Structure formats: structure tokens, C-alpha cells
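In case you want the letters, here they are:
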Amino acid sequence: SSDVCSSDLLVIYNTQSFFNNYTIYSMYRTGFYFPEIFRERYDAVREKYGSQVDSYLAYTLVGDPLADAVVEEFHALGRHDLMHVLAQALDEGIETIPDAPESLQRLFEENIDRVPYWVNREMMKTGTEVFLDHSEVFLASFTARVLPLGFMTSINKPFAATHRLEESGVSRLRANNRHFVESFLPGGMERFGDGFKLSVRIRMIHAHLRQLFIKRGEWDSNRLGHPLHSAHTTFAYVAFSAMLWETGKMLGMIESEKRSAGFMNVWKYMGYLMGIPADLLVDTVEEGVKIFNMGWDLDHNVDDDARRIVHTLIHAAPVVANVTDPKEREDLTEKIYSVSRGLLGDELADALHYPQHSGQLTTALLRAQVKWMHWKDILIPGAKEKHRLASMEKLFDVSYFQNIKIDYTPPKDVRFHKGDHEAN
């Protein structure tokens with residue numbers, strides 16, 4: 001892959017000859033083509049990160065070949081039962097569907113039912129324990145820093161166009177939490193575990209959206225690249241894994257190499273199932289942070305879409321937390337803004353039009369609370385078990401467990417302003 005993803009790349013062609021029918025990247029030295037939105041900062045970022053930038057940018061021109069082929073074949077066959085068939089294949093096995101299209105069989109044979117050599121169940125067990133011990137920290141990190149950072153890039157354009165986050169921020173946040181919880185519960189990433197199955201379902205929603213954007217004909221590929229391209233899904237993957245871990249440390253979480261390795265091994269398997277390119281899957285927090293920073297340096301921009309989505313999610317968080325009293329809900333919203341400001345810094349918070357709060361003080365108090373809970377769990381007999389049980393109860397409260405069968409119906413339409421892809 002290092003030979004293929006070089007500075008000589010120009011165009012990505014779909015062929016059937018890479019990793020057993022994956023997409024091969026055929027590069028031609030007639031110029032270095034990549035989407036317009038990345039060009040202004042390319043030279044500076046290339047100087048900083050080297051040829052890895054070219055590898056990353058190659059994936060701005062391609063989606064998820066295996067999953068995209070499934071959606072395209074179902075559409076070509078006039079079948080509208082993809083999610084139903086997928087559910088059966090995930091629940092009972094692909095062999096229970098004798099008339100499964102060839103592309104779906106290939107997806108299961110080459111990815112879903114093939115466990116990579118690097119999957120380490122003992123490491124994943126450690127990752128599960130870390131998540132359960134620090135679930136409040138991870139969820140706070142996710143809402144207050146990881147999501148805002150992610151949506152301050154052009155990754156927000158597909159979300160803005162579908163309006164799914166703006167119109168149903170509460171359910172989307174609960175569904176994200178549900179995915180986290182199911183994946184990190186014991187057994188969640190086994191073949192028939194719910195975290196495993198949710199990862200694949202989300203992947204197929206992304207594939208459906210790509211087809212929807214392409215068929216709609218309004219997506220500006222020259223400017224933005226392929227809709228929901230693999231570079232952005234990779235950016236989200238390293239944000240939810242490596243940057244989530246780094247933010248947890250900022251909030252006082254105690255780190256160890258064993259704990260971070262276990263956490264990242266769970267996420268690596270999740271990324272594999274969600275279609276992240278093999279050469280962009282990472283083993284360590286440091287590797288993930290490097291990819292995130294590279295993507296951020298290429299692409300960050302605080303526009304109206306970013307502001308609208310971030311504010312929607314922050315205001316949804318107290319509702320997700322089941323806070324019903326208006327005053328308590330307002331107080332919690334202010335606290336989230338304050339913690340988010342402390343984690344993001346004043347420059348980004350002001351660009352997002354955050355209210356003026358003392359972010360550093362609030363974040364420092366939260367950090368002290370997290371450290372106190374850590375030492376309390378160590379020093380007081382039985383405290384860790386009680387803490388973990390209480391954390392799990394809260395996780396179920398803020399996740400989508402009220403509706404066990406999550407609705408994964410894909411959106412039927414996308415909406416744009418002409419030219420600039422800002423949401424209506």
C-alpha cells in the first residue's frame with residue numbers, strides 16, 4: 001500500500017484486483033488530483049507529514065467498494081429489502097440466504113466473516129474494562145470535544161445535507177451511545193454480538209447515502225471528493241478512538257500502555273467492520289492522533305453547518321441524559337458548553353459562537369473529580385464494583401435501549417443550497 005499511495009497518484013479507478021476484489025488505486029503521473037477543498041493547505045501539510053498525506057488524500061476519491069457494490073447490486077436488481085436481508089445474514093449467517101446477491105456474499109466472505117489475525121480477545125477484554133470504568137469520561141469527551149472537532153471539517157457536509165442530526169439530534173446521539181455501549185460490553189464484538197452487528201449496519205447506511213448523493217446529482221465531487229469518502233470515515237474512526245482516549249486523559253483519566261492498547265484493539269476491529277481501509281487502521285493512540293491531526297490540518301473550517309450541528313448536539317445531550325426539569329436542563333447545557341470551551345480552547349469556542357463561560361475552571365473541577373473517583377476505586381474496598389454498576393446503569397439510560405430495534409431506515413432525500421453545500 002505504501003507503493004500505491006504515493007505522490008504520483010492522480011485518478012482512482014474501480015477494478016476487481018486488490019485484496020480479492022477490493023478497489024485498486026491506479027495512479028498516473030499527469031498531475032496530482034485531489035478535491036479542491038484540500039488544496040489550499042496541501043503544501044504546508046505535505047511538508048509537515050510527508051507522503052502519508054498523499055495516501056490519505058487518495059481515499060478522498062473512493063467510498064467503500066465492498067459495501068457500495070452491495071447497495072448498487074440490490075438497486076440494479078430492483079430489490080428494496082437490503083436492510084432486512086442484512087439483518088438476517090448478521091443474525092443467522094449468510095448461508096441462510098440462498099438467493100443472496102453475489103456482492104453481499106463477497107462482503108461477508110472477505111470481511112464480515114473473516115476475523116483478522118490482529119484481533120486479540122484478551123486485549124479487547126482489557127479495552128472493555130477500561131470503557132466500563134471510565135464510561136462517563138468517554139461520553140463527556142465525545143460530546144464536549146470529539147464531536148465538535150469532527151464537525152468543524154467538511155465531514156459535516158453529508159450530515160448537513162441529510163438534516164438527520166439537526167432534525168433528530170437526540171435520537172442520533174442516543175444511537176451513537178448505543179453503538180459505543182454495545183461494542184464495549186463483554187461479548188459485544190463477537191461474531192453475533194450487538195456491537196459487531198451495529199458496526200456493519202452503520203457501514204451499510206453510509207453506503208446507501210453515497211448512492212443517494214451520487215444519484216441526486218448535486219454533490220460537488222470536484223470540490224468535496226467522493227461523498228462520505230474513505231478519508232472521512234477514517235477521520236471519524238480515529239476521532240472516536242484515539243482522540244476520545246486523548247480527551248479522556250485531558251479530563252483526568254489515568255493512562256497505561258496495556259489499557260490504551262486494549263481500547264484501540266476494540267476500535268480497530270470496529271473500524272475494520274465499518275469499512276476503514278486496511279492501511280489506515282491503527283494499533284496505537286499515537287498513530288490515530290497523527291492521522292486525525294493530518295486530516296484536521298488539511299480540512300478544518302468553522303462554518304454555519306459546523307455551528308448548527310454542534311449546537312444541536314450540545315442541546316440534545318441533557319435530553320439524552322433524561323434531565324426533564326427546565327432549569328436543570330439549562331444548567332447542564334451551560335456546563336457542557338463550559339467543559340467544551342475548556343477542552344477546545346477559546347479560539348475554537350468563539351468561532352463556534354459558544355456562550356462566554358469559564359471553561360478552564362469547569363474543566364479543572366471535572367478533572368479533579370475524575371482523579372478522585374480513580375483513587376477512590378483503588379483505596380476503598382468494593383468502590384470500583386459499585387462505580388462500574390452505577391456507570392452501566394447510566395450508560396443504558398443515555399443510550400437507545402428504550403427501543404431495542406433501532407430504526408436504521410436510510411433517508412430518502414438530501415437537500416443543498418446551490419453551489420456551496422450549506423444546509424437549507
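Scoring rules and cut-offs
- Residues numbered from 1 in each chain as written.
- Predicted model: local features only at pLDDT ≥ 70, side-chain atom pairs only at ≥ 80, totals over all residues.
- Heavy atoms only, no water.
- Phe/Tyr/Trp six-rings, centres within 6.5 Å; stacked < 30°, edge-to-face > 60°.
- Lys NZ or Arg CZ within 6 Å of the ring centre and 35° of its normal.
- Axes fitted to C-alpha atoms, helices over the stretch in contact; angles between N-to-C directions.
- Helix = DSSP H or I, 4+ residues; strand = E, 2+ residues; numbered from the N terminus.
- Parallel < 35°, antiparallel > 145°, perpendicular 65-115°, else oblique.
- Left-handed = near helix turned anticlockwise from the far one by under 90°.
- Contact = heavy atoms within 4.5 Å.
- Nonpolar A, V, L, I, M, F, W, Y, C, P; charged D, E, K, R; others polar.
- Salt bridge = Lys/Arg side-chain N within 4 Å of Asp/Glu carboxyl O.
- Buried < 20%, exposed > 50% of the residue type's maximum accessible area, 1.4 Å probe, protein only.

(A) Inspection of the packing of aromatic side chains at higher detail. Tallied over the entire structure, the rule returns 20 aromatic pairs. Among the aromatic residues, ring-to-ring pairing joins Phe131, Phe138, Phe184, Trp245 and Phe263 into one connected group. Between the NZ or CZ atom of arginine 191 and the centre of the ring of phenylalanine 192, over which it lies, the distance is 4.4 Å.

(B) Geometry of the packing of helix 7 (residues 135-151) against helix 16 (residues 304-320). Between helix 7 and helix 16, the shortest axis-to-axis distance is 9 Å and the interhelical angle comes to 160°. Comparing the axis directions of helix 7 and helix 16 gives the class roughly antiparallel. The hand of the helix 7/helix 16 crossing is right-handed. Counting all contacts with helix 7, which are made through Thr143, Leu147, Pro148 and Phe151, the residues of helix 16 involved are Ala306, Ile309, Val310, Leu313 and Ala317. Of the residues contributing to the contact of helix 7 with helix 16, the split by class is eight nonpolar, one polar and no charged.

(C) Spotlight on the pattern of salt bridges. Applying the stated criterion across every chain, the model contains 22 salt bridges. A salt bridge links lysine 327 to aspartate 331, with the nearest nitrogen and oxygen atoms 2.9 Å apart. Linking lysine 327 with aspartate 331, this pair stays in helix 17 (residues 326-344), spanning four residues, or about one helical turn. The partner of arginine 341 in a salt bridge is aspartate 350, and the shortest N-O contact between them spans 3.0 Å. With a relative accessible area of 37%, aspartate 350 lands in the partly exposed category. If you follow the salt bridges from partner to partner, you end up with Lys157, Asp303, Asp305 and Arg308 in one network.

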